[in-house]
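What the coordinates show
One-letter residues, chain by chain:
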Amino acid sequence: MADLILDPNIDRPDDFYAALIAAHDGLSKEASDALNARLILILANHVGDREILSQALAAARLQEDKPE
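Here is a short report on the structure shown in this document.

Reading guide: rules and limits
- Residue numbers here run from 1 along each chain, matching the order of that chain's written sequence.
- In keeping with the model being predicted, local features are shown solely for residues with a pLDDT of at least 70 and side-chain atom pairs are shown and tallied solely at 80 or more, while totals for entire chains, interfaces and linings include all residues.
- Computation of side-chain values covers all heavy atoms of the structure but excludes hydrogens and water.
- Working convention: axes come from line fits to C-alpha atoms, limited for helices to the stretch in contact. Angles between N-to-C directions cover 0 to 180 degrees.
- Put simply, DSSP marks the helices as runs of H or I at least four residues long and the strands as runs of E at least two long, and each gets a number from the N terminus on.
- Relative orientations are named as follows: roughly parallel for angles under 35 degrees, roughly antiparallel for angles over 145 degrees, roughly perpendicular for angles from 65 to 115 degrees, and oblique for any other angle.
- In what follows, residue pairs with any heavy atoms lying within 4.5 Å of each other are defined as contacts.
- Nonpolar residues are Ala, Val, Leu, Ile, Met, Phe, Trp, Tyr, Cys and Pro. Charged residues are Asp, Glu, Lys and Arg, and all others, Gly as well, are polar.
- Take a side-chain nitrogen of Lys or Arg and a carboxyl oxygen of Asp or Glu: if they are within 4 Å of each other, that pair is a salt bridge.
- We call a residue buried when its accessible area falls under 20% of the maximum for its residue type, exposed when it is over 50%, and partly exposed in between, using a 1.4 Å probe and counting protein chains only.

1. Things to note about the packing of helix H1 (residues 13–24) against helix H2 (residues 29–47)
Put simply, H1 and H2 touch, their axes get as near as 9 Å, and they point 135° apart. Taken together, the axes of H1 and H2 lie oblique to each other. Contacts from Leu20, Ala23 and His24 in H1 reach Ser32, Leu35, Asn36 and Leu39 in H2. Looking at the contact of H1 with H2, its residues break down into 4 nonpolar, 3 polar and no charged.

Next comes the structure, spelled out in structure tokens:
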């Protein structure tokens, strides 16, 4: 079983972030949310490993559950 990679692993992350933000430029909140949902499903399909995807969901949820 593989483990989810949480350490930085994106080539030129700032460029990716800029492209992600640019993809949302001019979209309504609803269209932006839909773009995010489609992107998540496309990337989840690419990953393909349900255990990794479960780990990713848990990791993302942990971030939401942290007190401010």
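2. Let's talk about the pattern of salt bridges
Inspection of the entire model under this criterion finds 2 salt bridges. Aspartate 15 is paired through a salt bridge with arginine 12; the nearest N and O atoms lie 2.6 Å apart. Take aspartate 15: its relative accessible area is 41%, and that puts it in the partly exposed class. We classify arginine 12 as exposed; its relative accessible area is 54%.

3. Some details on unusual backbone geometry
Most peptide bonds are trans, and most residues other than glycine sit at a negative phi. Non-glycine residue arginine 12 carries a positive phi angle of around 50°. Mapped onto the secondary structure, arginine 12 falls in the segment before H1.

Taken by themselves, the reported measurements are silent on function.
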